[in-house]
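Residue-level structure breakdown
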Amino acid sequence: MSRPLPAAGRYALRVASLVAALGVWQALTGLDIDLWLRFSQFPTATDVAHAFADRLAGPDYWTDLTDSLTRILSGFLLAAVLGVATGVLVARSRLAEDLLGPVLEVVRPIPAIALVPVAILLFPSNEQGIVFITFTAAYFPVLVSTRHAVRALTPVWEEAVLTMGGGRWRILGSVVLPGALPGIFGGLSVGIGVSWICVISAEMISGQYGVGYRTWQDYTVVDYPGVFVGMVTIGVLGWLTSTAVELLGRRLTRWLPRTSYDTGSRPRTVRTAPSARGPESAVPAPKTEEARDEHLV
């Protein structure tokens, strides 16, 4: 088993992989490689970099960036609140499951981008319709993850709170929400990525500003470096928002025991002297963190 790299080494490896990918892109497009894929039709990495610098110097880029981020945050935050609330309600109440479950399961398979005509007919402005599409895209991943996470909780914890005189709200705040947090943030991480896909598509169809709208406009005027500027912007924004959600999730679930991959450490064993019965010499080290967590529960 290889020894884990230090933090600086891991970041250096990530930067090197990104630089290598850009180098391959530049080589394939700069040499006009045409095997089966037509890389000669692509702009080079340097062309995209120059177009990126020109966009950064103008006001339109920052206006589009602000509009897309506002739509994403509005729809995603609304989906996070309602998705968690609905997931907990459906998982904890049979009546809610019977009333809401069939409707949610019928609507859930419909792609959010397919609801663009509905949003155009339903909302008085394109801005509200795009936020609705973003909300729908993130709502169902959060709902499903929350529902499964709540149902997977062991009933022993709830029984312990009831034994100590706690009520429903105490169980919700002390057992259900903390215990379901890992699953909830898994759904949030998926939801933010799907939201970016759908908001860009909605901006291309019915938007007037935004990264997706600008990318589509560049395509219609055959400005391919501009198209790649929009693609790179979408990728970076998606990566930053997903990373922010994951970091928040780790912050709020610090009480969970971490694996050796997360901490960069390897499991240790305690060596004891051989006994008279045999050569058993390796005994696993006691899991003090897990024992402490179980005691707190």
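Residues numbered from 1 in each chain as written. Predicted model: local features only at pLDDT ≥ 70, side-chain atom pairs only at ≥ 80, totals over all residues. Heavy atoms only, no water.

**Thoughts on the overall build of the chain**
Rules: In this description a helix means any DSSP run of H or I spanning at least four residues, a strand means any run of E spanning at least two, and both kinds are numbered starting from the N terminus. We call two residues contacting when some pair of their heavy atoms lies within 4.5 Å.
Within the chain, the secondary structure is distributed over twelve helices and two strands. Along the chain, helices (α) and strands (β) appear in the sequence α-α-α-α-α-α-α-α-α-α-α-β-β-α when read from the amino end. In the chain, the share of contacts with a sequence separation of at least 24, taken over all contacts with a separation of at least 6, comes to 66%.

**With respect to the side chain of serine 195**
Quick note on the threshold: Buried means the residue's accessible area, taken with a 1.4 Å probe over protein chains only, is under 20% of the maximum for its type, while exposed means over 50%, and partly exposed covers the values in between.
If you trace the backbone, serine 195 turns up in helix α8 (residues 168-206). Note on serine 195: relative accessible area 0%, which makes it buried. Once residues within four sequence positions are removed from consideration, serine 195 is found in contact with Ile72, Phe76, Thr134, Ala137 and Ala138.

**Side note on the confidence of the model for the chain**
Condition: For every residue, the pLDDT score states the predictor's confidence, bounded by 0 at the bottom and 100 at the top.
On average, residues of the chain score 82 in pLDDT, and 85% of them are at 70 or above. Counted against residues more than four places away or in other chains, residues 260-297, with its pLDDT under 50, gives 27 contacts.

**What about the nonpolar core?**
To keep things clear, this is the line we draw: Residue types Ala, Val, Leu, Ile, Met, Phe, Trp, Tyr and Cys, when buried and joined through side-chain atoms within 4.5 Å, form a set referred to as a nonpolar core.
Judged by nonpolar contacts, the single largest core of 49 residues is most densely connected at Ile133, Tyr139, Leu188 and Trp196. Counting only elements with at least two residues in this core, the list comes to α2 (45-57), α3 (59-92), α5 (116-122), α6 (126-151), α8 and α10 (224-252). Element by element, the count of residues in this core is highest for α8, at 14 residues. Sequence-distant contacts of tryptophan 196, defined by excluding residues within four places in its chain, comprise Ser68, Leu69, Ile72, Leu237, Gly238 and Thr241.

**Comments concerning the side chain of threonine 86**
Structurally, threonine 86 can be placed in helix α3. A residue is classified by how much of its surface remains accessible, and threonine 86, at 14% relative accessible area, is buried. Beyond its immediate stretch of four places on either side in the chain, threonine 86 contacts Leu100, Leu104, Tyr139 and Leu143.

**Remarks on α2**
Spelled out, the test is: Every helix has an expected span of 1.5 Å times one less than the residues it contains.
Across its 13 residues, α2 extends 19 Å between first and last C-alpha, which sits within 8% of the 18 Å expected from 1.5 Å per residue. Where α2 is buried, its residues contact α1 (7-30) and α10.

**Some remarks on the pattern of salt bridges**
Selection rule: By salt bridge we mean one thing: a side-chain nitrogen of Lys or Arg within 4 Å of a carboxyl oxygen of Asp or Glu.
Inspection of the entire model under this criterion finds eight salt bridges. We note a salt bridge from glutamate 105 to arginine 108, for which the minimum N-O separation is 2.9 Å. On the basis of relative accessibility, which here comes to 33%, the residue glutamate 105 falls in the partly exposed class. On the basis of relative accessibility, which here comes to 35%, the residue arginine 108 falls in the partly exposed class. Across the pair arginine 147 and glutamate 105 runs a salt bridge whose closest N-O atoms are separated by 3.1 Å. In this pair, arginine 147 is assigned in helix α6 and glutamate 105 in helix α4 (residues 94-107), connecting sequence segments 42 residues apart. Given the relative accessible area of 13%, arginine 147 is considered buried. Look at the salt bridges and you will find they share partners, linking Arg55, Asp218 and Asp223 into a network.

**Observations regarding the packing of α6 against α8**
Condition: Angles shown run from 0 to 180 degrees and are taken between the N-to-C directions of axes, each axis being a line fitted to C-alpha atoms and, for helices, limited to the stretch in contact. In what follows, roughly perpendicular refers to angles from 65 to 115 degrees, roughly parallel to angles under 35, roughly antiparallel to angles over 145, and oblique to any angle outside these ranges. In this scheme, a crossing is called left-handed if the near helix is turned counterclockwise away from the far one by less than a right angle; it is called right-handed if the turn is clockwise.
For the pair α6 and α8, the least separation of the axes is 7 Å and the interaxial angle reads 155°. What the angle tells us is that α6 and α8 run roughly antiparallel. Both α6 and α8 take part in a crossing whose hand is right-handed.

**Description of the environment of alanine 138**
Assignment of secondary structure puts alanine 138 in helix α6. On the basis of relative accessibility, which here comes to 0%, the residue alanine 138 falls in the buried class. With 54 residues separating them along the chain, alanine 138 and isoleucine 192 place their C-alpha atoms 6.2 Å apart. Not counting residues up to four positions away in its chain, the partners in contact with alanine 138 are Phe76, Ala79, Gly191 and Ser195.

**Describing the packing of aromatic side chains**
Applied cut-off: Aromatic pairs are defined between Phe, Tyr and Trp rings, using the six-membered ring for Trp, whenever the two ring centres lie within 6.5 Å; interplanar angles under 30 degrees are classed as stacked, those over 60 as edge-to-face, and all others as tilted.
Tallying each qualifying case throughout the model produces nine aromatic pairs. Here phenylalanine 39 and phenylalanine 42 contribute two aromatic rings whose centre-to-centre distance is 6.3 Å and whose plane-to-plane angle is 70°, an arrangement assigned as edge-to-face. Judged by relative accessible area, phenylalanine 39 falls into the partly exposed class, the value being 23%. Overall, the relative accessible area of 41% leaves phenylalanine 42 in the partly exposed class. Taking the centre distance of 5.4 Å and the plane angle of 90° together, the rings of tyrosine 61 and tryptophan 62 count as edge-to-face. With relative accessibility at 13%, the residue tyrosine 61 sits in the buried group. Judged by relative accessible area, which is 44%, tryptophan 62 ranks as partly exposed.

**Remarks on the packing of α3 against α6**
So the rule is basically this: Residue type decides the class: Asp, Glu, Lys and Arg count as charged, Ala, Val, Leu, Ile, Met, Phe, Trp, Tyr, Cys and Pro as nonpolar, and the leftover types, Gly among them, as polar.
Running from N to C, α3 and α6 cross one another at 35°; their axes reach a closest spacing of 6 Å. Here the hand of the crossing between α3 and α6 comes out right-handed. Taken together, the residues of the contact of α3 with α6 break down into 18 nonpolar, seven polar and five charged.

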